[in-house]
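Single-letter residue listing:
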Amino acid sequence: MDKFLTVLRREYLSRLKTKGFIIGTILTPLLLTGMMVLPGLLMFLKSDKPKQIAVIDQTGVMWDSLTVNLDDRNEAGRRLYNFTKHETLPAGLDAAKKSLAESVDHGELDGYIVIPASIYEDGNAEYYGKSVTNFRENGRLRSVISRAVTEKRIQRSGLNSEQIHQLVRRVDLRTFRVAEGGQEQADEGHTQIVVWILVAFIYMAMLVYGQVVMRSIIEEKSSRVIESVISSLKPFQLMAGKIVGIGALGFTQYSIWALVMGLLSLYGIKIARVFAPKMAASNFNLPAVAPEILVFFVVFFVLGYLLFATMYAAVGAMVNSDQEAQQFVFPLIMLVIVPFLFTSYIIGNPGSQMAVILSLIPFFTPIIMFARIIVQMPPVWQIALGLFLMVATIVGMIWVVGRIYRIGVLMYGKRPTLPEIIKWIKYA
Amino acid sequence: MDKMWTVLRREYLSRVKTKGFVIGTILLPLFMLAMFVVPILLIFLQSDESKQIVVIDQTGEVFDSLYVALGEKNDAGQRLYNFIKQDVQSEELEPAKKSLSARVDNGELNGYIIIPPTVFESGAAEYYGKNVSNDRENEEFEDAISNIVTGKRIQRSGLNVEQVHQMVRQIRLNTFRVKAGGQEEKDPGFTFMIAYFLGFFIYMAMFIYGSLVMRSVIEEKTSRVVESVISSIKPFHLMFGKIFGVGAVGLTQFLIWALAMGLLSLYGLQLAGLFVADPAKVQSAGFPTISPGILGFFVLFFVLGYFLYSTLYAGIGAMVNSEQEAQQVMIPVSLLIVPPLLLMTYIITNPGSQAAVIMSLVPFFAPIIMLARIAVETPPVWQIGLSIVIMVLTTLGMIWIVGRIYRVGVLMYGKRPTLPEIIKWIRYA
């Protein structure tokens, strides 16, 4: 027990004090936020170059509403869409299109729109451009033309357009979640965000820290340090010390992040208000996480980590180098990725038969059962059964892996085959 | 030169012949496909449990139509949404909600919908459920109720429902891409997919094969094999043999995939026709085609990007003593590869913007960004030329620097070199 603590302390402290840990703790959240936020921000970044677009308007009346409604301007106050009217008779359409296509090809024009006279009936318009992959822009063009066409249609029929729009206005279905005890709370997608973030955290914990355990074993093995270490303590103590020590490290890292996130959610809005008064004015709320969900998070974090760290430790003990380990790691990664892929289905159907079955498979439980708990509390017996199965699997795994580890760490040379590994496990 | 060839052949053959290569070549595309397809399939997978939902319809006009509109049944012939009508007076609404919430909580009900008498004017209804995170279901309810309510509104005003819907129908904007030479091609979003996939492939090539070079250097270094190899070959030749050999492995793998994809797009339609009853449907789905010009650019940027990054990775491999150390040193290089991938959506949607032009001229970003731009619209020739020239020059410079680091680094053990030490290495004549 004493030696176990020594290993634990050493594994924990030697990693905690490295620059890598500090950098990783600071950089990981920054990187993750960057990855999530950056593409989103860029989508709203307007292109600053004015676009030259020719319009062939065969209806003769769409031109005005197009130029009035698409009046975006860049910071210099210039129009982003410079429309030019291109008059042509229906008979000359093909020739006109051809010459416009050439202008586009030469770079004089960015694109051209064809609004046929039949648009009121069949609702088809055409947009030709050098690139037509800007879906946001295509959507704007479409909705502006749509609106204009609708107005004209209503005008023609002699009705009041305001009245028609009132008639066809959609119903807004507000959603409320009935939480435990029959309490209702408005839910506009907050639950989903919470599920995704927490599940991603558990997913990372199982993948990242498990690999750290494996690497640490491979390193000691390939540098032969392990031979002298094993001479003074039992292999099982070493393995357990490593797993718990690195687990404690992961827990420390997560606690730091949780603390920062907690502080941010308390003071973040105030800070945001200083920098962006406009944003803070809109009621922007960080989704709140119920305390019992945090408890479950810790439980599944710990159990999930133990399960995967044990398996990673076995891989580390079996192989001779990081390169060899890659092949063994692949199935382990699959075990984590599969439930992650199912998350969106589970969020939508947390009570379905498939969700129940998946959440009872020990390797999937940490992610799937946890997602179910956040979205809709499953029956107590299912949670209990899931936890029980996981603990039983972990105990079994520790027994098996302990035996593989005992022999594996002192084995070099060729990689053991499956029968050999089974023989190792059977050794008394 | 002869020795470099030997190294190249050894690196190539020793990798291509392993089981790992064969398995990886087969598994990786399947795996990627699964990653893309499974979540999409799962969205369409709807649970077929029958849900009990109470509807408090205070208008008295919506329930019947709702019951008919959402009348789907599961395989067992049960309704997916078993709507139960409950009449509640306005003043009794609160207690009714309370008792319904309690029933939802203990599992008797899945949820309840409240349609207030004011729905025609206010356009607001409420849905209470045990789980309201199923976006598809929420939308189904909202669509159905919206349709019913707008229908009733129009009827009340004495107009013709069909006619009103005709008037407010959205138009379709069909998009066409004007290609080089002024040719027009219908493009309902294929270009976007192609650009994204090609960019992603280049990213993978640079990342995976680059780190393969690094691992190979580290492995020889830690096993001290490099010491005996270096005694009979110049370090520079060893490095180059490695980079070329692994690059050839990568190219082989990509060729196999390209061939498989080509065959699929030729015969895939016929195969699909065997399984799907309605071949016209498959035909119209169509596989996006990639023009040979773009494929040419793909190979070019693949090769250039691979050389640039594998040189960097080889340098890292020479500097460190173990893979664990390499993880940290790798971070700056990984930080160079990832941003273009994140920016890809922006580049594809705004290929001609200033940001896109500048990014595509940065040599470390060019392989992904310039290729994406080329796939979406043809940028001016001078930009393509300039970016290629800058990339080649950067790669040559890198090779010079890394060659010098490599020469000293592969024989250095013990503590990781500091930056001043590395600069000293580079300066050695």
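Only a predicted model underlies this, so the values are computations on that prediction, with no experimental measurement involved. (Residues numbered from 1 in each chain as written. Chains lettered and ligands numbered in written order. Predicted model: local features only at pLDDT ≥ 70, side-chain atom pairs only at ≥ 80, totals over all residues. Heavy atoms only, no water.)

### Some words on the overall build of chain A
Secondary structure summary: chain A contains 17 helices and six strands in total. The C-alpha radius of gyration of chain A comes to 31 Å, more than 25% above the 22 Å expected for a compact globule of 428 residues. Principal axes of the C-alpha set define a box for chain A whose edges measure 95 × 55 × 45 Å. Each of the 428 residues in chain A was classed as buried or not, and the buried ones make up 47%. Looking at chain A alone, contacts between residues at least 24 apart form 72% of all its contacts between residues at least 6 apart. Charged side chains of chain A number 42 positive and 32 negative; the gap between the two group centres comes to 11 Å. (Helix = DSSP H or I, 4+ residues; strand = E, 2+ residues; numbered from the N terminus. Rg over C-alpha atoms; globule rule 2.2 N^0.38 Å. Buried < 20%, exposed > 50% of the residue type's maximum accessible area, 1.4 Å probe, protein only. Contact = heavy atoms within 4.5 Å. Lys, Arg positive; Asp, Glu negative; His and termini not counted. Charge placed at Lys NZ, Arg CZ, Asp CG, Glu CD.)

### What about the overall build of chain B?
Check the secondary structure of chain B and you find 17 helices and six strands. At 31 Å, chain B has a C-alpha radius of gyration far larger than the 22 Å of a compact globule built from 429 residues. C-alpha atoms of chain B, sized along the principal axes, occupy 95 × 55 × 45 Å. Burial analysis of chain B (429 residues in total) assigns 49% to the buried set. When contacts within chain B are restricted to residue pairs at least 6 apart in sequence, those whose partners lie at least 24 apart make up 73%.

### A short note on the sheet that holds strand E6 (residues 183-186) of chain B
With respect to topology, six strands assemble into an open sheet ordered E2(A)-E1(A)-E3(A)-E4(A)-E5(B)-E6(B), the strand pairing being mixed. Either end of the sheet is taken by a strand with one partner, and the two such strands are strand E2 (81-85) of chain A together with E6 of chain B. Averaged over all adjacent pairs, the angle separating strand axes in this sheet is 25°, with direction ignored. Bridge count between strand E4 (residues 124-129) of chain A and strand E5 (residues 172-179) of chain B: six bridges; the pairing is parallel. Paired with Tyr127(A) across the two strands is Thr175(B), which belongs to E5(B). Its contacts with the sheet place helix H3 (residues 62-69) of chain A against strand E1 (51-57), E2 and strand E3 (111-115) of chain A, and it is angled at close to 165° to E2(A). (Pairing = 2+ DSSP bridges. Axes fitted to C-alpha atoms, helices over the stretch in contact; angles between N-to-C directions.)

### Quick word on the sheet that holds strand E1 (residues 51-57) of chain B
Pairing is mixed across the open sheet formed by six strands, whose spatial order is E6(A)-E5(A)-E4(B)-E3(B)-E1(B)-E2(B). Strands at the two margins of the open sheet, each flanked by one partner only, are strand E6 (184-186) of chain A together with strand E2 (81-86) of chain B. Shown here is a sheet whose adjacent strand axes are inclined to one another by a mean of 25°, direction ignored. Relative to strand E4 (residues 124-129) of chain B, strand E3 (residues 111-115) of chain B runs antiparallel, the two being bridged by four bridges. Residue pairing for E4(B): Gly111(B) is matched across the bridge by Gly129(B).

### What about the pairing of E3(B)?
Residues and elements named next belong to chain B. A large share of E3 lies buried, amounting to five of its five residues. The pairing of E1 with E3 spans five bridges and is parallel. Note that in E3 the partner of Ile53 across the bridge is Gly111.

### Quick notes on the packing of aromatic side chains
Think of a pair of aromatic rings as described by two things: how far the centres are apart, and how the planes are tilted against each other in angle. According to the stated counting rule, one finds 38 aromatic pairs over all chains in the structure shown. Here the aromatic rings of Tyr81(A) and Phe83(A) are separated by 6.2 Å at their centres, their planes lie at 15°, and the arrangement is stacked. Residues Tyr81(A) and Phe83(A) agree in their burial class; the two are buried. Over the ring of Tyr67(B) we find Arg79(B), and its NZ or CZ is 3.6 Å from the ring centre. Above the plane of the ring of Phe120(B) lies Arg156(B), whose end atom (NZ or CZ) is 4.0 Å from the centre. (Phe/Tyr/Trp six-rings, centres within 6.5 Å; stacked < 30°, edge-to-face > 60°. Lys NZ or Arg CZ within 6 Å of the ring centre and 35° of its normal.)

### Describing helix H13 (residues 323-349) of chain B
With 27 residues, H13(B) extends 39 Å between its outermost C-alpha atoms, agreeing within 8% with the 39 Å of an ideal straight helix rising 1.5 Å per residue. Its maximal kink placed at Leu343(B), H13(B) deviates by approximately 50°. (Expected span 1.5 Å × (residues − 1). Bend = angle between axes of the 7 residues up to and from the residue.)

### Let's talk about the domain arrangement of chain A
Under the domain assignment used here, chain A contains domain 1 (2-40 + 186-427) and domain 2 (51-167). Each of domain 1 of chain A and domain 2 of chain A has a C-alpha centre, and the two are 54 Å apart. (Domains from an automatic or database assignment.)

### Structural notes on the interface of chain A and chain B
With 89 residues of chain A at the contact, the number on the chain B side is 91 residues. Both sides of the chain A and chain B interface together cover about 8,000 Å² of buried area, and 59% of this is carbon and sulfur. The largest per-residue losses of area from chain A upon contact with chain B belong to Leu167(A), Val171(A) and Leu173(A), which jointly make up 9% of the total buried on that side. Counting every contact that joins chain A to chain B gives two salt bridges. Scanning the region where chain A abuts chain B turns up 37 residue pairs in polar contact (both at pLDDT 80 or more). The element contributing the most residues to the side of chain A that touches chain B is helix H13 (residues 322-348) of chain A, with eleven residues. Considered class by class, the residues forming the side of chain A that touches chain B number 40 nonpolar, 27 polar and 22 charged. (Buried area = accessible area lost by both parts, 1.4 Å probe. Salt bridge = Lys/Arg side-chain N within 4 Å of Asp/Glu carboxyl O. Polar contact = N/O pair within 3.5 Å; in protein donor to acceptor, adjacent residues only side chain to side chain. Nonpolar A, V, L, I, M, F, W, Y, C, P; charged D, E, K, R; others polar.)

### Thoughts on unusual backbone geometry
Residues and elements named next belong to chain B. Even without glycine at this site, Arg224 takes up a positive phi of about 60°. Within the fold, Arg224 resides in the loop between helix H8 (190-222) and helix H9 (225-230). Look at Arg224 and you get partly exposed, because its relative accessible area is 41%.

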